[in-house]
Amino acid sequence: MQVLEKNPAVETRAGHCRITVRGRDGSETSFEVKRNDMLLKAAVDQGIDYPHNCRVGVCGTCKTRLVDGRVSPMVDLALSPLSNEQIEAGFVLACQAKVRTDLVLDVKLGNGAQLPVRTVSALVTRWQRLPGDVIDLRLKLDDAVAFNAGQYCTIAESGSFTRRSYSYYDVPAADGSPAGEVGFLVKRLPGGRFSEWLFAEDRSGIKFWVEGPFGVMGVDDLDRDGLCVAGGTGLAPILSIVGDRLQRSETARFTIVFGVRSEKDLFADTHLAELQAKAGDRLRVIPILSHEPTGSSWAGLRGLVTAALTPALGIDYRDTAAFICGNLGMVEAVERRLIELGVQADRIHADKFVPSGTP
Amino acid sequence: MTKNLDYFKYLLSPIILSAHAYGMWMGGNFTWVGMALLLGVLFFDGFLKADYSIRDLAHAWIYDVIVSITVLASFVNILFYAWLIGHDHFATTASGVGAFLSTLFIGFVIGAPPVHELFHREGLFLRWLGRIGQCLVFDPWREITHVVTHHMRVATPDDPDYARRGDTVYGHFFRTFPAQWKESYHLEKMMWTKRGRKWYDPRNAWVFKATYFGIFLAALFALGGFKGLLLCSASLFFGPRMLLEVFNYCNHYGLISATPGRFQNHHTWNHITPLVRILALEITNHAGHHDDSYKPFYALEPDPNGPQQPQFLLCVLLAFVPPLFFMMVKPLLKDWDKNRATPQEREIARRENARAGWHELNDEPAPRAPSRSAMATA
């Protein structure tokens, strides 16, 4: 349900605040939220496609420039992913902002309606060890849930406080129908509460709770060619986005730069082979290894994923959409490199992993 | 007319503070007046019905004035106590013990709530007063872990203020203090790193905290000498600082959130008796505070359907006798599991009950220990 109004002169109800979003083209759209509600939650609850990801002040996707009005941040913004310069320039995190007055915001809203967030129970139907300390985890949902390519959900074992966020690697149905089964790629983190538990033994048949979908990573023109850069299990949303676009566009072409440490860590051969079979020559995959021993038989690229991002890739960087997923440092490095190469900042769509210290 | 009384109810705290100061000034057995009056009020409160009334908001500034006065009067009280010690005012052991215990309990029930109230505020002056006021809870870093960590992770084991099912208050002390100090350091470091500063940069928040706390301790020493500093520090540490953790222990005890970061009203216990609401500045009216931590105490609306514990004083006292506390809280938790928890939270609760050995809450018998013969066979 979209409640955006093109005419912000509409009268605001008592106890509510009017949120006016200014586009860079001078356009204005507005919606209403209750005074003292959290900005992001109030917007998303109304079905507004507000950029966001983690919703708990960690990822920074919902960063918003406050042009006018007042919000109360729930935590010191110095404890958020915003840089000092951004804080001083008036940026806030919408997920941490209580709305106190009418607001004028500078933020790029998406065009699509948000899918409803649901919490459903599920059973593990696949627990498969892959190379590189990765598990392919598939869950059969007790109630089917719709999601968009590039989105994620949180999962928790039944009875456990511990919950973690993972991106779906599945391609959403072309007709938008909900999925009855979803899959994730889980990397083992030494000492990690959830991943160590998951790796300890075969968890097939175990009950989980799944809450989602969240995030808005994959939004851009469908027919635009895409450059995707994935670090490790950051490949999961890339598989979903590329698979989705291949089935919805007849012309878009994709390059996936896939970085892992060494050849024995290339965990996604099966998934990539399936995607390649559907895509034909519209997809090329470029693996790059950061810690492959010198003198091994590996004939492909070596180095960090940024080393693969050169003019030699043969991409029109000024006209491509970029999708990046991986750990925070890797994503930020790739963003900087892509901007150097001429990619437009608002065509870069990123999903940053931050190891969870929360339950 | 009745509504106008709302404002003056909160004068009860400064009145008790004044009585305590007068008692200390009189010396002798009068030093017990403060504690006797406070415990008398709390005991009387135990016989009163829950109070779900909403405060009048027409002249809200009066509340803020009273709360500010309470913080300032609490400073005066502790400095006065130090000065009296410095002048060997307490001639007998009984008078010295009376003054110490009265200062300790009053510091917890009357001194701590306005500090907590004000460091949550958005206004510059009130927030500044609340931050400085943290001297009265003997921990200038209490705010940061409370506002960031506790409010974000309430009712999960990653909140250092949270006590899991089966935890005793004594174990809670040993867990919560190191976890809070570690978290304070982590958060302070994050702030100076973000701003590109060295740890010793004078603009860092910790420098300001250390400075005003140092000045406060120096003032206690100047007024009361080493003995004054020691006794005042002990009364603040064992009073507001430690007893606040007893409050935290009780207030979310064993409750479970499956949605950390997104508070729901059933994630806290409430104590809604009338005099406790007044003395504790509605902090026992706890759901509204977690729902919007910036909301001033007088705007909090008691949740008539929220989880409730018995009267506040009773809970604090029971906490020190774990078997009695467990006897009180188990039926409440069983009801919470059955009627308030979400299905996901109910499953976590089930595991938590088993972890605590409280199998009866899961309506199942405790697992039997293997017999000697069985062990021999194995």
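Residues numbered from 1 in each chain as written. Chains lettered and ligands numbered in written order. Predicted model: local features only at pLDDT ≥ 70, side-chain atom pairs only at ≥ 80, totals over all residues. Heavy atoms only, no water.

*Asks:* Is there a simple way to think about the domain arrangement of chain A in this case?
*Replies:* You'll often see interface size given as the accessible area lost when the parts meet. Residues and elements named next belong to chain A. Along its sequence, chain A is carved into domain 1 (16–106), domain 2 (118–214) and domain 3 (226–353). Taken over C-alpha atoms, the centre of domain 2 sits 23 Å from the centre of domain 3. On the side of domain 3, 15 residues touch domain 2, which itself brings 19 residues to the contact. Approximately 1400 Å² of surface area, both sides summed, lies buried where domain 2 meets domain 3, with 65% of it carried by carbon and sulfur atoms. Broken down residue by residue, the surface that domain 2 buries against domain 3 is led by Tyr169, Val171 and Leu185, which jointly contribute 35%. Run the count over domain 2 and domain 3 and you get zero salt bridges. If you look at where domain 2 meets domain 3, you find three residue pairs in polar contact (both at pLDDT 80 or more). Every element with two or more residues in the side of domain 2 that touches domain 3 is listed here: β9 (134–145) and β12 (179–187). The residue inventory of the side of domain 2 that touches domain 3, partitioned by class, reads 13 nonpolar, three polar and three charged. (Domains from an automatic or database assignment. Contact = heavy atoms within 4.5 Å. Buried area = accessible area lost by both parts, 1.4 Å probe. Salt bridge = Lys/Arg side-chain N within 4 Å of Asp/Glu carboxyl O. Polar contact = N/O pair within 3.5 Å; in protein donor to acceptor, adjacent residues only side chain to side chain. Helix = DSSP H or I, 4+ residues; strand = E, 2+ residues; numbered from the N terminus. Nonpolar A, V, L, I, M, F, W, Y, C, P; charged D, E, K, R; others polar.)

*Asks:* Can you help me understand empty space enclosed by the protein in this one?
*Replies:* A water-sized probe, rolled over the atoms, reveals where empty space remains. Residue and element names in this part refer to chain B. Tallied over the entire structure, the rule returns five cavities of 30 Å³ or more. The calculated volume of the largest cavity comes to roughly 280 Å³. Forming the boundary of the largest cavity are 19 residues, of which Ala112, His116, Leu244, Phe247 and Ile283 lie nearest the centre. Counting residues per element, the ones that place at least two in the lining of the largest cavity are α5 (93–119), α7 (142–153) and α9 (205–251). Broken down by class, the residue content of the lining of the largest cavity amounts to 12 nonpolar, five polar and two charged. (1 Å grid on protein atoms, 1.4 Å probe; cavity = no way out; pocket = protein on both sides within 12 Å on 5 of 7 lines; lining within 4 Å. Points joined across faces, edges and corners; volume = space filled by probe spheres on them.)

*Asks:* What am I meant to see in helix α13 (residues 322–339) of chain B here?
*Replies:* Note on helix geometry: an α-helix contains 3.6 residues per turn, so any two residues three or four positions apart are oriented the same way. Here α13(B) is 18 residues long and its end C-alpha atoms lie 25 Å apart, about the 26 Å a rise of 1.5 Å per residue gives. Roughly 30 degrees is the biggest bend found in α13(B), and it falls at B:Val329, with proline B:Pro331 one to four residues downstream. (Expected span 1.5 Å × (residues − 1). Bend = angle between axes of the 7 residues up to and from the residue.)

*Asks:* Even after reading the chapter, I still don't get the interface of chain A and chain B, so can you show me in this structure?
*Replies:* Opposite the 35 residues of chain A that make contact, chain B presents 32 residues. When the two sides are added together, the surface that chain A and chain B hide from each other amounts to roughly 2700 Å², 52% of it contributed by carbon and sulfur. If you look at where chain A meets chain B, you find three salt bridges. Residue B:Glu347 is joined to A:Lys207 by a salt bridge in which the shortest nitrogen-to-oxygen separation is 2.5 Å. In this assembly, chain A and chain B are joined by seven residue pairs in polar contact (both at pLDDT 80 or more).

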